[in-house]
Amino acid sequence: MALLSIAMIRILITGGTFDKEYDEITGQLYFKETHVPEMLRLGRCRVPVTLETVLLIDSLQMGDADRRRVADRCRNCDERQIVITHGTDTMVETARAIAADVAGKTIVLTGAMVPYAFGSSDGLFNLGSALSFVQTLPPGVYIAMNGTHFAWNNVRKNREAGRFETKG
């Protein structure tokens, strides 16, 4: 009897609201370290993952060189299933850069509208959804937010409604 092997998933961490902390003295949001290991522990994740912090920045600060760096990590890692934590403001731009440069892998970008550290974040749910989607979707680049997945080229962030939706 052959044993089924579960493919390892690589989680690339880039920062964004997912990982922001609040400085009570200055009132500013900042980055200290990623919350992803804690989120996986609290979510009782049983999927084998490899974590890699690529960046810890706000996605509004992300430039073309940063996007190339993320795409390079996607292309050059051994895993065929990749989840990327990313800020929601420029998630679609990064997805576009990855889609133009990486083929044959299933890549799901996800983020949060509220920082995980605030306790009322959608980040834990979004991370769990992304981990499920990356295991079931065919190769391609997707965005997963609030239980829904979108093809990278058919999604937009509706800033007024505070959600991602199909273009239209």
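Above this text you will find the structure in question.
Just so it is clear, the model here is predicted, and its values are computed rather than measured.

Tell me what's going on with the overall build of the protein chain, and back it up with residues and numbers.
For the protein chain, the helix and strand inventory stands at four helices and ten strands. Taking 2.2 N^0.38 as the reference for a compact globule, 168 residues should give roughly 15 Å; the C-alpha atoms of the protein chain span a radius of gyration of 15 Å, in line with that estimate. Once the C-alpha set of the protein chain is aligned to its principal axes, its extents read approximately 60 × 35 × 30 Å. Across the 168 residues in the protein chain, those meeting the buried criterion constitute 46%. Once local pairs closer than 6 in sequence are excluded, the contacts in the protein chain between residues at least 24 apart make up 64%.

I'd like a description of the pairing of strand β8 (residues 148-151), backed by residues and values.
On any regular strand, side chains alternate: one points to one face of the sheet, the next to the other face. Across four bridges, strand β7 (residues 140-145) lies against β8 in antiparallel orientation. The partner of Met-145 across the bridge, within β8, is Thr-148. In this structure, the hairpin formed by β7 and β8 is closed by a connection of two residues, where Asn-146 is found at a positive phi of approximately 55°.

Hey, could you go over the sheet that holds strand β1 (residues 9-15) for me, with residue numbers and the actual values?
One open sheet holds the six strands; their spatial order is β4-β1-β5-β6-β7-β8, and the pairing between them is mixed. Unpaired on one side and paired on the other, β4 (49-57) and β8 mark the two borders of the sheet. For this sheet, the mean angle separating the axes of adjacent strands, direction not counted, is 25°. Pairing of β1 with β4, which is carried by six bridges, proceeds in the parallel orientation. The residue bridging Gly-15 from the neighbouring strand is Ile-57, located in β4. Those strands touched by helix α2 (residues 64-76) are β1, β4, β5 (81-85) and β6 (106-110), and its axis lies near 170° from that of β4.

Please set out the nonpolar core residue by residue, giving values where relevant.
Core analysis: the biggest nonpolar cluster contains 23 residues, and Cys-74, Ile-84, Ile-98, Ile-107, Leu-109, Ile-143 and Phe-164 have the highest contact counts within it. Those elements that place two or more of their residues in this core are β4, α2, β5, α3 (91-101), β6 and β7. Here this core gets four residues from one element, more than from any other, and that element is α3. In this structure, Val-83, Ala-130, Leu-137 and Ala-144 belong to the second largest nonpolar core, which totals 19 residues.

Residues and numbers for the pattern of salt bridges, please.
Applying the stated criterion across every chain yields a total of nine salt bridges. Of the charged contacts, one joins Arg-73 and Glu-52 as a salt bridge, the two residues approaching to 2.5 Å between their closest N and O atoms. Residue Arg-73 is found in helix α2, and its partner Glu-52 is found in strand β4; the two are separated by 21 residues along the sequence. Residue classification places Glu-52 among the buried positions, given a relative accessible area of 17%. Between Glu-165 and Arg-156 there is a salt bridge; the shortest N-O distance is 2.6 Å.

So what about the packing of α2 against α3? Which residues, and what values?
Running from N to C, α2 and α3 cross one another at 45°; their axes reach a closest spacing of 9 Å. With respect to their mutual orientation, α2 and α3 come out oblique. Considering the relative orientation of α2 and α3, their crossing is right-handed. Two secondary-structure elements touch here, α2 through Arg-67, Val-70, Ala-71, Asp-72, Cys-74 and Arg-75 and α3 through Glu-93, Thr-94, Ala-97, Ile-98 and Asp-101. Per-class residue counts for the contact of α2 with α3 are five nonpolar, one polar and five charged.

Let's hear about helix α4 (residues 123-136): which residues, and what values?
With 14 residues, α4 should reach 20 Å at 1.5 Å per residue; the first-to-last C-alpha distance of 20 Å fits that figure. Buried within α4 we find Gly-123, Asn-126, Leu-127, Ser-129, Ala-130, Leu-131, Phe-133 and Val-134.

Summarise unusual backbone geometry; cite the residues concerned and give the values.
Of note, Arg-44 is a non-glycine position whose phi angle comes to about 55°, a positive value. Looking at the element boundaries, Arg-44 is found in the loop between α1 (36-42) and β4. Positive phi, close to 55°, is recorded for Asn-146, a residue that is not glycine. Within the element layout of this structure, Asn-146 appears in the loop between β7 and β8.

So, how was this worked out
- Residues numbered from 1 in each chain as written.
- Predicted model: local features only at pLDDT ≥ 70, side-chain atom pairs only at ≥ 80, totals over all residues.
- Heavy atoms only, no water.
- Helix = DSSP H or I, 4+ residues; strand = E, 2+ residues; numbered from the N terminus.
- Rg over C-alpha atoms; globule rule 2.2 N^0.38 Å.
- Buried < 20%, exposed > 50% of the residue type's maximum accessible area, 1.4 Å probe, protein only.
- Contact = heavy atoms within 4.5 Å.
- Pairing = 2+ DSSP bridges.
- Axes fitted to C-alpha atoms, helices over the stretch in contact; angles between N-to-C directions.
- Core = buried A, V, L, I, M, F, W, Y, C linked by side-chain atoms within 4.5 Å.
- Salt bridge = Lys/Arg side-chain N within 4 Å of Asp/Glu carboxyl O.
- Parallel < 35°, antiparallel > 145°, perpendicular 65-115°, else oblique.
- Left-handed = near helix turned anticlockwise from the far one by under 90°.
- Nonpolar A, V, L, I, M, F, W, Y, C, P; charged D, E, K, R; others polar.
- Expected span 1.5 Å × (residues − 1).

Honestly, it's all geometry; don't read function into it.
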